[in-house]
Amino acid sequence: MPVPISALPVHAPMTQFAVCCGELVVGGEPLSRLAARVGQTPFYAYDRALIQARVAELRALLPGTVRLHYAMKANPMPALLSWMVGLVDGVDVASAGELKVALEAGASPSSISFAGPGKREAELRQAVAANVLISIESFREVPLLQAMARELGWPARVLVRVNPDFELKHSGLKMGGGARQFGVDVEQVPALLADIGRAGLGFEGFHLYAGSQSLRAQAIAEALQKSYELALRLAAKAPGPIRVVNLGGGLGIPYFPGERHLELAPIGGTLAHLAQRAQTEFPGAALVLELGRYLVGEAGVYVARVIDRKVSRGKVFLVTDGGLHHHLAASGNFGQVLRKNYPVAIGNLMDATARETASVVGPSCSPLDVLADHMNLAVAQPGDLVVVFQSGAYGASASPQNFLAHPACVEVLV
Ligand SMILES: *Cc1c(COP(=O)(O)O)cnc(C)c1O
């Protein structure tokens, strides 16, 4: 029996953007005017008011003592990063290149932390010189940091990144538990702490990151709780007082049909409880949450223009000037096993009643260059604007822009 249409999973509604006169409104402007102002398609647009509202919503829910950090690998656009620096309590960088951009965006060194499984010596030296907090992820880093600290004449500020003995359940990307390239296995952490003590590094605390892109509040709350307990257990072996306990994050956003927005209340409840305990168990320490996509992902759209409308053996293809070279994730080639559609709409025909099943493809000579496969869309013609929602994180910077030498995309903060 065919599945009734109403039973098929659908995308979560993209109500963060208003619609006015049939057009999607981004940054207060109807899409066609915004496209004219940008001067080209394809482009990414990030709505600063939506980012601000998202941070405010989190702040209202989190205990006041929990620090909110932005993991800038989600979206390193310099203007956006400057905006974030004014909204959050710290920036997490994953390379010396990101460190440079974070400093230029006005982040204060004391609020920057640097993590990554393969830090080159030059990067470690830059981080020590900048006096940012370095997450140690390997025994190798201890003598290097010791030598650099001696050379520069001040102690390197360090956290220990722990590979925990649990993972974030139901997460899109597991980054802790089992055998991982990230951090140091919890069993080996006591030996690492002893090394750090002998090397005289400026030990400040622990960094845990169990996983990413989870839409299950209970699973996230449980991982935060376990991370806290683990840090508490390890604190007995610490070579100095704990000032920072970075509990990670992993808060996801809905990308695919059937996915729903995360419920924040259980996470807020767990953190309130942990913040209360921390007053006596980690006196003087800060609890940190590090979030990337949850802060910026829903505030961004990718906009491409229809170049051609083709019908092949009854199937409609909208060929656009954008595609996988700008938006690898929406094409399904950034970590998806079975390709699923991001939410997509024709942004200048939001009220259209004439609808059809169509596929949106890019200009590359590759069958992988698909932005939407078999979606119900307004009937679009060349010149119309295709919008890919949920595109504020892991978009431009996570895409192979040089592939096939098409023009680069533009990013605007509006
Ligand atoms: C990537 C990363 C993040 C951000 O992940 P999101 O899914 O974007 O929230 C946070 N912390 C660490 C250590 C990361 O590697």
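What counts as what
- Throughout this description, residue numbers start from 1 for each chain and increase along the sequence as written.
- Totals for whole chains, interfaces and linings use all residues, but because this is a predicted model, local features are given only for residues with pLDDT of at least 70 and pairs of side-chain atoms are given and counted only at 80 or more.
- Side-chain metrics in this entry use all non-hydrogen atoms of the structure; hydrogen atoms and water are not considered.
- Each residue is assigned to one of three classes by its accessible area relative to the maximum for its type, calculated with a 1.4 Å probe on protein chains only: buried under 20%, partly exposed between the two thresholds, exposed over 50%.
- For helices the rule is a DSSP run of H or I covering at least 4 residues; for strands it is a run of E covering at least 2, with both sets numbered from the N terminus onward.
- A pair of strands is labelled paired if DSSP reports no fewer than 2 bridges between them.
- Either an automatic procedure or a domain database provided the assignment from which the domain bounds are taken.
- Here a residue-residue contact requires only that any non-hydrogen atoms of the pair lie within 4.5 Å.
- By buried area we mean how much accessible surface two parts lose on assembly, using a 1.4 Å probe and totalling the loss over both.
- Salt bridge, as applied in this entry: a Lys or Arg side-chain nitrogen positioned within 4 Å of an Asp or Glu carboxyl oxygen.
- Two N or O atoms count as a polar contact when they lie within 3.5 Å, although within protein this holds only if one can serve as hydrogen donor and the other as acceptor, and sequence-adjacent residues are included solely when both atoms are side-chain atoms.
- For each residue, the test is whether any non-hydrogen atom lies within 4 Å of the molecule or strand; if one does, the residue is near.
- In short, Shrake-Rupley with a 1.4 Å probe defines the accessible areas, and a residue's cover is counted only from the protein chains shown.
- All amino acids are sorted into three groups, where Ala, Val, Leu, Ile, Met, Phe, Trp, Tyr, Cys and Pro are nonpolar, Asp, Glu, Lys and Arg are charged, and the leftover types, Gly among them, are polar.

Re the pairing of strand β12 (residues 202–208)
Then comes step 1: Of all seven residues in β12, seven are buried, a share of seventy percent or more.
Then comes step 2: Sheet analysis places β12 next to strand β14 (residues 244–246), joined by three bridges and oriented parallel. By the bridge assignment for β14, His207 is matched with Asn246.

Some points on the domain arrangement of the protein chain
Then comes step 1: When cut into domains, the protein chain gives domain 1 (5–46 + 298–413) and domain 2 (115–291).
Then comes step 2: Contacts between the two partners involve 13 residues from domain 1 and, on the opposite side, nine residues from domain 2.
Then comes step 3: With both sides pooled, the region where domain 1 packs onto domain 2 buries about 1,000 Å², and carbon together with sulfur makes up 62% of that total.
Then comes step 4: Contact with domain 2 buries area across many residues of domain 1, yet Ala12, Glu298 and Gln390 alone supply 37% of it, more than any other trio.
Then comes step 5: Between the two partners, domain 1 and domain 2, sit zero salt bridges.
Then comes step 6: For the pair domain 1 and domain 2, the number of links is three residue pairs in polar contact (both at pLDDT 80 or more).

Here's the deal with the site of the ligand
Then comes step 1: In the vicinity of the ligand, the contacting residues are Ala71, Lys73, Arg161, Met175, Tyr209, Ser212, Glu290, Leu291, Gly292, Arg293 and Tyr394.
Then comes step 2: The separation between an oxygen atom of the ligand and a polar main-chain atom of Gly292 is 2.9 Å.
Then comes step 3: The fraction of the free accessible surface of the ligand (390 Å²) that becomes covered by protein chains is 92%.
Then comes step 4: Grouping the constituent residues of the shell around the ligand by class yields five nonpolar, two polar and four charged.

Some details on the sheet that holds strand β3 (residues 29–30)
Then comes step 1: If you trace the three strands from one edge of the open sheet to the other, you get β1-β2-β3, paired in antiparallel fashion. Only two strands of the sheet have a single neighbouring strand rather than two, namely β1 (19–20) and β3.
Then comes step 2: Sheet analysis places β1 next to strand β2 (residues 23–26), joined by two bridges and oriented antiparallel. Note that in β2 the partner of Cys20 across the bridge is Glu23.

Topic: the side chain of His327
Then comes step 1: Positionally, His327 belongs in the loop between β17 (315–320) and α11 (328–331).
Then comes step 2: A relative accessible area of 0% places His327 in the buried class.
Then comes step 3: Setting aside residues up to four positions removed in sequence, His327 forms contacts with Tyr44, Tyr302, Tyr342, Leu371, Val388, Ser391 and Ser399.

Examining unusual backbone geometry
Then comes step 1: In this model, Thr41 is joined to Pro42 through a cis peptide bond whose omega is -10 degrees.
Then comes step 2: By the element assignment, Pro42 lies in the loop between α1 (31–38) and β4 (43–46).
Then comes step 3: One non-glycine residue with positive phi stands out, namely Asn131, at about 65 degrees.
Then comes step 4: Residue classification places Asn131 among the partly exposed positions, given a relative accessible area of 33%.
Then comes step 5: Of note, the phi angle at Ala405 is positive, near 55 degrees, even though the residue is not glycine.

Quick notes on the side chain of His69
Then comes step 1: You can see His69 is positioned in strand β5 (residues 67–71).
Then comes step 2: Here His69 falls in the buried class, since its relative accessible area comes to 7%.
Then comes step 3: At 3.0 Å, the side chain of His69 forms a polar contact with the side chain of Asp92.
Then comes step 4: Once residues within four sequence positions are removed from consideration, His69 is found in contact with Asp89, Gly90, Val91, Asp92, Ser111, Ser113, Val288, Leu289, Glu290, Leu291 and Leu295.

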